[in-house]
Structures are given as structure tokens and as C-alpha cells.
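Coordinates in review
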Protein chains: 2
Amino acid sequence: MNAPAALKIVAFENPLEALSKLLTNELAQTEIEISSHMVSAVGLIPDVAHHLVDAGGKRLRPLLTLAAAKICGNVTPAAIKLSAAVEFIHSATLLHDDVVDGSGLRRGQRTANLIWGDKASVLVGDFLFARAFNMMVATGSLRILDILAATSSTIAEGEVLQLASTSRGDSGRETYYKIISAKTAALFAAAAQSGAICAGANEELAAAFYQYGHQLGMAFQLSDDALDYGGLTQELGKRVGDDFREGKPTLPMIVAIERASDTEYSFWQMVLARKHEDEDLQTAMQYVRNCGAIEATLKEATERANSAKMALNKVADSDIKRCLIELADFVVNRVS
Amino acid sequence: MNAPAALKIVAFENPLEALSKLLTNELAQTEIEISSHMVSAVGLIPDVAHHLVDAGGKRLRPLLTLAAAKICGNVTPAAIKLSAAVEFIHSATLLHDDVVDGSGLRRGQRTANLIWGDKASVLVGDFLFARAFNMMVATGSLRILDILAATSSTIAEGEVLQLASTSRGDSGRETYYKIISAKTAALFAAAAQSGAICAGANEELAAAFYQYGHQLGMAFQLSDDALDYGGLTQELGKRVGDDFREGKPTLPMIVAIERASDTEYSFWQMVLARKHEDEDLQTAMQYVRNCGAIEATLKEATERANSAKMALNKVADSDIKRCLIELADFVVNRVS
């Protein structure tokens, strides 16, 4: 295979990169907006913020905002501000998540809380969240502020629900769906919907983008949760088991419990009742993988991805729309 | 002394209570607004939020909003929402502060982080902060959103500056004033200013209330910092030394360092360079109190209180204005 053909395949396999290319100019403006709002006379703030915001993020959520705006009209300065605000809200939740989960690694890099401590992560997270609102106010749209403020409440509610349900060992599906809908899908939905609104989309079109974002976010989180148990192929060297160690009952575990033999069921009850130990991970991985829970989780993810694609049915065809369609498959297929 | 006379003296000595009485109806509406926005299907949220919001708080900041609105016109539903939002921002920062400071007690009660853990405090703080923005959006005023979003950034910057300067043992006055201006006075200022704006105040009047709030907040924090070294009389049984233990160089310590003998200076340098020990507190208290640092701190507080009163010079006389004037003296005099 020669080099250009290989490049073409890479481009095809990664619609996120394709989307970034189609929105190169807009994304560059978003990056400027992001950088300019991390500036502070208090040096620790840009240190922590740059570490997180510069490190390996794919700008998935701002790209949803920009893509929706571009499809629905044009990408106004307000949409640029909005896309940066969405990334700041995401970054703030990551900083706080890592403190809450006691995480030491994110995207293969040491987390901010490991380098600068929990205190700095909590406070710089607060700063980014406040700055997100500064940027949203600058869009001049109360409608968009309303959507994003409500979304921020929902995200926090989802995080608290996850904390509470983890501590009481709640392994119900209903709770799980509520959690991932609030902590992940809500911001995807708001990012796409508010991008559309920024470009003057009517209610129906804005609702279509909301639905696309919501379903994409659900597919994304379901896939992520399958990946945490090794995905379909369990790549060598890839860190797995974070959710298990943190005691979060995600869908792979929930399915494994539903399908458990008596012995397996006793194991899971023991696991849910106490702090999870590293030595239990091998057993958990084996139970999850042998009962087909990965496949079941990915089946759900695929259904969500299909719903995401269907949500865009009435949207006129374009290169960007095709990327969004491929993106829905991509977030699931990256797991295999 | 008979009972009615005693009551009269109490009312005179505590202008905060007098203000609450003058604004009884408005404050009752604020309380309803506060309660209704703590509601969540996730039970941990109202548990943590009520613990903090119900416990001993004097609603000082919302009262500034209501008082400014009442003086400048009338207290609209938007002003009520705004006053509740201000209390939520304050509560969110308290939750995060207690995590960052590792505090176990606030207003004589166990802190939320001690009861429910740091994780719950971080996430419920995020929730309250997001809800504050929900309420502010409901005021329908981009101007007010702009002020409060900028104030929230400033508060977070102040907290990060305090964290960074504490860790490097920065005992400069300039840093100290920046910190208390950002973490305390900014919200007092915004609460009063935005209350005035809600009632249709012109720029000059809104600026007067901003200035009043800012100077009151500075006086409040300076007095608080003097109280943490026992105030003028060092009441028996009152917990002191939190700032010292947390290694925060507040004005009493800063003045003591400025006035230190060589021996004292060595002590302070040692103290600033490492984690502060309980056994050093007695020495620190002695040095601070003997050199007149409490009086120096209170002198600054008094000057700020006088500036606060002067800021209201052009405001027409009223019962509420008189309470605000007395309040400025009160925040300083409670220290003696």
C-alpha cells in the first residue's frame, strides 16, 4: 500500500479529523478564544488550564457546535464563543471528575490533580466554569445561556447521582442511563443544539441537532464504558478497569450481573458492597467478557448511533453532515 | 434592665437583624427561591445544600441585593432571583473552600465535607453554582449576568491566588489585598450593585452601591482575619488560629512580620516555609497580639467601613440606608 492511499484510509476512518479539516478556520478561531480566556495574572491558572485543555483533546464538543452552526447557516462570532465555552465547561468537569475519582492518568498523561494537587484542580475548575459563563454572556443570547446553565446543573446532578449510586452499590440500568444521559449526553446535546440556534435554526432543526447530540453522547459513553473492560479485542498495554476500581456500575458490569450464575452473582454482590480491589479485576473482566456483556453494551451503543444518524434525516446533505453521520459510527467502532 | 429595653439594644447593636426585619417580606421570598432551587431528584443534593444553606447563615449578601433594590426603586421578582443566586454562589464557594482548607467546622457545625466527604462537597458546589446561573438567566438581564459571571471568575482567581501564595509563603500586603478583594469583596460589591441595577438605578447610583459593597466586603474580611487571631478581647472558648494553621498570611500576620524583631522574623520565616504546626500557634498569637497587629488590622477595617459609609453619601436617607450605614460599623465592631 502506498503512502497517499494509506492517508486516505486514515481520513476515512476518522471522521473527527475530517470534521476538523472542514472547519479548520472556525476551529482556529475557537482555539484563539480558548487561549485568550485562560489568561490570568494568577500563574497557576494558565498552568493547570493549559495542561488540561492543550493535552490530547479532540475538541469533539466544540466541533459539534461549529458543525451545527455551519450546517444551519454560518458560524458567527457568537458561535465561536459558544464553542469555546462548551470546551471550558467540559474541561471544568474533567478537573473535578479527576479529583472525585482520584484519577492519576488522563489520555496517557498525568492528571492536573496529581501534578498540582486536588485543591488547585477544584479551584481552577471553578475558574474555567465561571469563564465559560463569561463567554456565553458575550454571545448576547439569553436562550443559549438558559440552555447551557440548565445543562451545567444537569451535569452536576449526574455526577452527584453517580457518586451516590456508586456508594450504595446501585447496579440498576435505569440509574445508569440517567447518569450517562446527564453527565455526558447532556453537554453533547446542548453543544449541537445551541450551535444550531446561534445560526438561526428553527425549533425543528434545533431539536434535530439536540437529538443528534444526545444520542451521539449516549453512544460515546456506552462505548467508553465497553472500552474500560477492554472493548472487543482488549488491546495489549491499554489501561482498563478504572470504572471497576472506582466501583462504578457501568453497563458491562450491569449486564454481567443480569446474566450471572450464582457464583458470579455472589462475586458481584461482594464487589458492590465494598471498596473494589485490584485483585478482583481479573475475575470481573473474565465474567464481563465471557457473558457477552461487551457485545451487549456495543449493541446499545450502535442503536444510539443509529438514532443519532436518523435525527439528521431532514438535514440537507453536505460534507459536514456526512462527517457527523460517520462520527456516530466512529464513536462505536473505535471500540473494536 | 427590663426586657423591651434589652430587645431595643439588641436591635440597635445588630443592624443585620434590623435590615432583615425591614426586608422581612422580600427575604421570605428569597428563602422560597433558595429552597425551590435546591430541589433535586438526587437526594444527596438537597441534603448537602440544606445543611449548608440552612445552617446559621445570616443572608448578608442577599440582604445587600434586596436593600439596594429597595432603596433604588422596588424589589422586583428579578431582584429576588438575583438575591438567591448570590447566596448560591456564596454557598458553592463555601463548599469548595472547606474542601480546599480541609475544614471540619463552620459556624460551630460540622462541615459538609466532614459529613458527606470531599467528593460530595465538590459536586454539590458545582450544582449550586450552575443553579445560580439558572436563576440569573431567569432575571432576563444580560447586564446582571455579565456582572455575576465576571465576579465568579474573580472569586475563583482570588481563591487560586490564595492557594498559590500560601504555598510559596508570600506575605506581601499587595497580594493579601488582591486576595480579599477578589474572594470576598467582589461578591459583596456585585450583590449590592446588581440589586441597584435590577431596580433601574442609573450608573452613578449603581456605582455607589458597588463601592459600598466592595468596601464593606473588605472591612468584613479584615475583621474576620483579626477575629481569627482572637480579636481585641480573645473570647474564651472561641476557635482561633485557622488561618495560621492553614498557612494563610492574613493582615495580622503580615503586620507582625513587618514589625518583627530578629528572633520573631526567624520564627515567621520558619512558619512560612513549612506546614504550620499547632504548637507554633501560641507563639504566633503572642507575636501578633503584642505588636499591635490586631489594632492595625482593625484600623484598616475601620477605614474601609468609613469608605463604605461615604459611598452612600448621595443616597437619600431611609431606614434601610441607616441600617447599611450601621452595618459598616457593625462588621468591624463585632471583633471587639
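Reading the values: the criteria
- Residues numbered from 1 in each chain as written.
- Chains lettered and ligands numbered in written order.
- Predicted model: local features only at pLDDT ≥ 70, side-chain atom pairs only at ≥ 80, totals over all residues.
- Heavy atoms only, no water.
- Helix = DSSP H or I, 4+ residues; strand = E, 2+ residues; numbered from the N terminus.
- Buried < 20%, exposed > 50% of the residue type's maximum accessible area, 1.4 Å probe, protein only.
- Contact = heavy atoms within 4.5 Å.
- Areas by Shrake-Rupley, 256 points an atom, 1.4 Å probe, with all protein chains shown as cover.
- Lys, Arg positive; Asp, Glu negative; His and termini not counted.
- Charge placed at Lys NZ, Arg CZ, Asp CG, Glu CD.
- Disulfide = S-S within 2.5 Å.
- Least-squares fit on C-alpha atoms with pLDDT ≥ 70 in both.
- Salt bridge = Lys/Arg side-chain N within 4 Å of Asp/Glu carboxyl O.
- Buried area = accessible area lost by both parts, 1.4 Å probe.
- Polar contact = N/O pair within 3.5 Å; in protein donor to acceptor, adjacent residues only side chain to side chain.
- Nonpolar A, V, L, I, M, F, W, Y, C, P; charged D, E, K, R; others polar.
- Core = buried A, V, L, I, M, F, W, Y, C linked by side-chain atoms within 4.5 Å.
- Expected span 1.5 Å × (residues − 1).
- Axes fitted to C-alpha atoms, helices over the stretch in contact; angles between N-to-C directions.
- Parallel < 35°, antiparallel > 145°, perpendicular 65-115°, else oblique.
- Left-handed = near helix turned anticlockwise from the far one by under 90°.
- Phe/Tyr/Trp six-rings, centres within 6.5 Å; stacked < 30°, edge-to-face > 60°.
- Lys NZ or Arg CZ within 6 Å of the ring centre and 35° of its normal.
- pLDDT = per-residue confidence, 0-100.

Scanning chain A for helices and strands turns up 17 helices and two strands. In terms of its C-alpha atoms, chain A occupies a principal-axis envelope of roughly 60 × 45 × 45 Å. Going through the 336 residues of chain A one by one, you find that 59% of them count as buried. Intrachain contacts of chain A at a sequence separation of at least 6 include 75% that bridge at least 24 residues. Surface summary for chain A: the accessible area is close to 13400 Å², and the carbon and sulfur share equals 52%. Both charge centroids of chain A, one from 32 positive and one from 41 negative side chains, sit 3 Å from each other.

What follows is about unusual backbone geometry. With a phi close to 55 degrees, A:Arg59 is a non-glycine residue in the positive phi region. Looking at where A:Arg59 falls in the secondary structure, it is placed in the loop between helix H4 (44-53) and helix H5 (60-72).

Note that B:Thr166 resides in helix H9 (residues 142-167). Ignoring any residue separated from it by four or fewer positions in sequence, one finds B:Thr166 in contact with B:Glu246, B:Gly247, B:Lys248 and B:Pro249.

Let us look at the state of the cysteines. This structure, assessed with the given rule, holds zero disulfides over all chains. Here B:Cys198 is not cross-linked by a disulfide; its sulfur's nearest cysteine counterpart is in B:Cys72, at 10 Å.

For the rest of this paragraph, the subject is the relation of the copies chain B and chain A. Take chain B, turn it by 180 degrees, move it 0.0 Å along the axis, and it overlays chain A with an RMSD of 0.0 Å. Read as a symmetry element, the transformation amounts to a two-fold axis. A shared binding surface is used by both copies, with 100% of the interface residues of chain B retained as interface residues in chain A.

With that settled, consider the pattern of salt bridges. With the rule as written, the count across this model stands at 32 salt bridges over all chains. The closest approach of N and O atoms between B:Glu204 and B:Lys314, which form a salt bridge, is 3.2 Å. Of this pair, B:Glu204 sits in helix H11 (residues 203-227) while B:Lys314 sits in the loop between helix H16 (293-311) and helix H17 (319-333), placing them 110 residues apart in sequence. Accessibility assignment for this pair places B:Glu204 and B:Lys314 in one class, exposed. One network of salt bridges, in which partners are shared, links A:Glu31, A:Arg59 and A:Glu87.

Each side of the interface is counted separately: chain B has 35 residues, and chain A has 35 residues. Counting each side, the surface lost to burial between chain B and chain A is near 3300 Å², with a carbon and sulfur contribution of 78%. Across the chain B-chain A interface, the total number found is 10 residue pairs in polar contact (both at pLDDT 80 or more). Per-element tally for the side of chain B that touches chain A: the top contributor is H9(B), with 14 residues. Among the residues forming the side of chain B that touches chain A, the class breakdown is 23 nonpolar, six polar and six charged.

Moving on, we get to the nonpolar core. Counting 241 residues, the largest nonpolar core has A:Leu148, A:Trp268, A:Leu327, B:Leu148, B:Trp268 and B:Leu327 as its most contacted members. When near neighbours in sequence (up to four residues on either side) are disregarded, B:Leu148 contacts B:Leu82, B:Val86, B:Ile89, B:Met136, B:Leu187, B:Ala190 and B:Ser194.

Bringing helix H15 (residues 278-290) of chain A into the picture now. Residue and element names in this part refer to chain A. Taking 1.5 Å per residue, 13 residues should reach 18 Å; H15 reaches 19 Å between its end C-alpha atoms and fits that length. Of all the residues in H15, the buried ones are Asp 280, Leu 281, Ala 284, Met 285, Tyr 287 and Val 288. Lining the buried residues of H15 we find helix H12 (242-245), helix H13 (251-258), helix H14 (262-273) and helix H16 (293-311). Following H15 by one or two positions, Gly 292 adopts a phi angle in the positive range, close to 80 degrees.

Further remarks concern helix H17 (residues 319-333) of chain A. Its 15 residues give H17(A) an end-to-end C-alpha distance of 20 Å, which sits within 8% of 21 Å, the value for a rise of 1.5 Å per residue. Those residues of H17(A) that sit buried are A:Ile320, A:Lys321, A:Cys323, A:Leu324, A:Leu327, A:Ala328, A:Val331 and A:Val332.

Residues and elements named next belong to chain A. Direction vectors running N to C along H5 and helix H6 (residues 77-101) enclose 155 degrees, while the axes themselves pass 8 Å from each other. The angle between H5 and H6 falls in the class roughly antiparallel. Once H5 is placed against H6, the crossing between them reads as right-handed. Here H5 contributes Arg 61, Pro 62, Thr 65, Leu 66 and Ala 69 to the contact with H6, which in turn contributes Ala 79, Ile 80, Leu 82, Ser 83, Val 86, Glu 87 and His 90. Looking at the contact of H5 with H6 residue by residue, the class counts come to seven nonpolar, three polar and two charged.

What the rule picks out here adds up to 14 aromatic pairs over all chains. Between A:Phe267 and A:Trp268, the aromatic rings sit 5.2 Å apart at their centres with planes inclined by 70 degrees, giving edge-to-face as the arrangement. Note on A:Phe267: relative accessible area 9%, which makes it buried. Classification of A:Trp268 as buried rests on a relative accessible area of 0%. Relative to B:Phe220, the ring of B:Phe188 has its centre 5.3 Å away and its plane inclined at 45 degrees; by these criteria the two rings are tilted. With B:Phe188 in helix H10 (residues 173-198) and B:Phe220 in helix H11, this pair connects stretches of sequence that are 32 residues apart. As far as burial versus exposure is concerned, B:Phe188 and B:Phe220 are alike and both buried. Looking at A:Arg61, its charged tip hangs above the ring of A:Phe220, at a distance of 5.9 Å from the centre.

Residues and elements named next belong to chain A. Within the secondary structure layout, Ala 301 lies in helix H16. Placed 35 residues apart in sequence, Ala 301 and Ser 266 show a C-alpha to C-alpha distance of 28 Å. When near neighbours in sequence (up to four residues on either side) are disregarded, Ala 301 contacts Ala 219, Leu 222, Ser 223 and Val 332.

In this section: the confidence of the model for chain A. All names here are of chain A. Overall, the prediction assigns chain A a mean pLDDT of 89, with 92% of residues at 70 or greater. Of the regions scoring below 50 in pLDDT, residues 1-12 engages in five contacts with residues more than four places distant in sequence or in other chains. Here the complex is predicted with pTM 0.92, and the ipTM for its interfaces comes to 0.91.

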